[in-house]
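Take a look at the letters that make up each chain.
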Amino acid sequence: MSYQTMKVDKVTINNMQVHYKHVLDNKPPQGAIFRAKTENAVITAYQSGKVLFQGKNVDAEVNKWQGNDADLTLSSNSHIKKQVTTYTPPNNIFTQSHIGSDESGTGDYFGPITTAAVYVTTEQISLLKQLGIQDSKAINDKNVQALAKELATMNIPYSLMILHNGKYNRLQQSGWSQGKMKAMLHHAAINQLLKKIESSFYKGIVIDQFCQPTVYERYLASEQQSIPPHTFFMTKAENSSIAVAAGSVIARASFLQEMERLSEQIGHSLLKGASKQVDKLIATIMKENDESTLQQIAKVHFANTKKAAAYM
Ligand code: MN
């Protein structure tokens, strides 16, 4: 028999309690929040945030929670103390219940930025893979929209944020970088989703990385916000996390839908991307409308706005 202790925050203790809900001890010892018994170990969580694992296969339980906190302190009976300060997701997160978020529309001159955070449970992972959920960049527009519809009929909690062009341009004018807008969109989507799923167990939150985590932290801090516990960053996360992949599909489908709506409104089929074709289209639209029109349908600080003058 061996033992290990771990110091964790309240959110982790809450997650643990939900995780072990079927094997909880009716009479936890004094000072303990809960005691659970699995085939691997007895787990006792204390008010102080200390969690004790005792039994013949302690590691099997400890591994579930390791790397769960940005500043997790681990101590074991070998007296080795390890300070984990990383935003790299633990490997086992992708096969467990977790949250993923991704955005769309950031490189497109026309249309909004959309961001979706999705909560996927362990049981839903294989089903979503079978369905063909993957990075939306690898799926054509028609299939993205069909998959998003499919997701909407399933019991998959998500939240979607749309930053429309009018507000985008106002924020940009007031000094916000696109990076800050993205950070605040991810943050808002994740917070809204966390409220929706209440106390459901999740191993962590995976954000498809678009800037250094320290920069992301700074963006949030400038709006008096901070990163929720158990948040991880990873580039190309759509390929590892089915929740991020689902987020990419929902965000992309929403972007495409907004593009259709704006196209109808303006009477031209708006193009994706920021190509020379886009410059020509801007010129066409400018000839028919006044200056304020672009503010409502485009990210006007893109170089395309100036380049369009060549076609006027
Ligand atoms: Mn992405």
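Residues numbered from 1 in each chain as written. Predicted model: local features only at pLDDT ≥ 70, side-chain atom pairs only at ≥ 80, totals over all residues. Heavy atoms only, no water.

Side note on the pattern of salt bridges
The criterion, for reference: When a carboxyl oxygen of Asp or Glu lies within 4 Å of a side-chain nitrogen of Lys or Arg, that pair is called a salt bridge. Summary of the burial criterion: residues with accessible area below 20% of their type's maximum are buried, those above 50% are exposed, and those between are partly exposed, where the area comes from a 1.4 Å probe applied to protein chains only. Helical segments are the DSSP runs of H or I of at least four residues, strand segments are the runs of E of at least two, and each set is numbered from the N terminus.
Using the criterion set out here, one finds 6 salt bridges in the structure. Of the charged contacts in the structure, one is a salt bridge between Lys137 and Asp135, with a shortest N-O distance of 3.5 Å. On the basis of relative accessible area, Lys137 is assigned to the exposed category, the value being 66%. With relative accessibility at 11%, the residue Asp135 sits in the buried group. A salt bridge links Arg261 to Glu258, with the shortest nitrogen-to-oxygen separation between them at 2.8 Å. Linking Arg261 with Glu258, this pair stays in helix H8 (residues 242-266), spanning 3 residues, or about one helical turn. Via salt bridges that share partners, Asp135, Lys137 and Glu238 belong to a single interconnected network.

Quick notes on the side chain of Ser254
Under the convention used in this document: Contacts are assigned to residue pairs that have any heavy atoms within 4.5 Å of one another.
Position of Ser254 among the secondary structure elements: in helix H8. By relative accessible area, which is 6% here, Ser254 ends up buried. Beyond its immediate sequence surroundings of up to four residues, Ser254 is in contact with Thr114, Leu160 and Ile162.

Brief notes about the coordination of the manganese ion
Rules: Coordinating donors are taken as N, O and S atoms within 2.8 Å of the metal, stretched to 3.2 Å for Na, K and Ca; because water is absent from the atoms, sites can appear incomplete.
Around the manganese ion, the protein supplies Asp102 (OD) and Asp208 (OD) as donor atoms, at distances of 2.0 to 2.2 Å. In this pair, Asp102 sits in strand S7 (residues 98-104) while Asp208 sits in strand S10 (residues 205-208), placing the two residues 106 residues apart along the sequence. Owing to a relative accessible area of 3%, Asp102 belongs among the buried residues under this scheme.

Some points on the packing of helix H6 (residues 178-197) against helix H7 (residues 213-221)
The following threshold applies: To get an axis, a line is fitted to the C-alpha atoms, and for a helix only the part in contact is used. The angle between two axes follows their N-to-C directions and goes from 0 to 180 degrees. Our angle categories are set so that under 35 degrees counts as roughly parallel, over 145 as roughly antiparallel, 65 to 115 as roughly perpendicular, and the remainder as oblique. Gly is put with the polar residues, along with every residue not named as nonpolar or charged; the nonpolar set is Ala, Val, Leu, Ile, Met, Phe, Trp, Tyr, Cys and Pro, and the charged set is Asp, Glu, Lys and Arg.
The interhelical angle for the contact between H6 and H7, taken along N-to-C directions, is 80°, at an axis separation of 9 Å. Taken as axis vectors, H6 and H7 run roughly perpendicular relative to one another. Seen from H6, the contacting residues are Gly179, Lys180, Ala183, Met184, His186 and His187; seen from H7, they are Tyr216, Tyr219 and Leu220. Considered class by class, the residues forming the contact of H6 with H7 number 5 nonpolar, 3 polar and 1 charged.

A look at H7
As a reminder, the rule being used: Here, the arc refers to the directions that run from the helix axis to the C-beta atoms.
Within the span of H7, buried status applies to Pro213, Tyr216, Tyr219 and Leu220. Viewed end-on, H7 has its buried residues packed into an arc of 110°, placing them on one side of the element. Where H7 is buried, its residues meet H6, S10 and strand S11 (231-234).

Some details on the confidence of the model for the chain
Applicable threshold: A residue's pLDDT is the confidence the predictor assigns to it, expressed on a 0 to 100 scale.
Per-residue pLDDT for the chain averages 91, and the proportion of residues at 70 or more is 94%. Scored below 50 in pLDDT, residues 69-85 shows 35 contacts in the model against residues more than four places distant or in partner chains.

Structural notes on the sheet that holds S7
Applicable threshold: Two strands qualify as a pair provided DSSP detects at least 2 bridges between them.
One open sheet accounts for 5 strands, arranged S9-S8-S7-S10-S11; its pairing is mixed. The sheet is open, and its two borders are formed by strand S9 (158-163) and S11, each paired with just one other strand. Neighbour-to-neighbour, the strand axes of the sheet open up by a mean angle of 20°, direction not taken into account. When S10 meets S11, the two strands line up parallel, connected through 4 bridges. Bridge pairing in S11 places Ile205 opposite Thr231. Along the sheet, H6 contacts S7, strand S8 (113-120), S9 and S10; its crossing angle with S9, the most-contacted strand, is approximately 150°.

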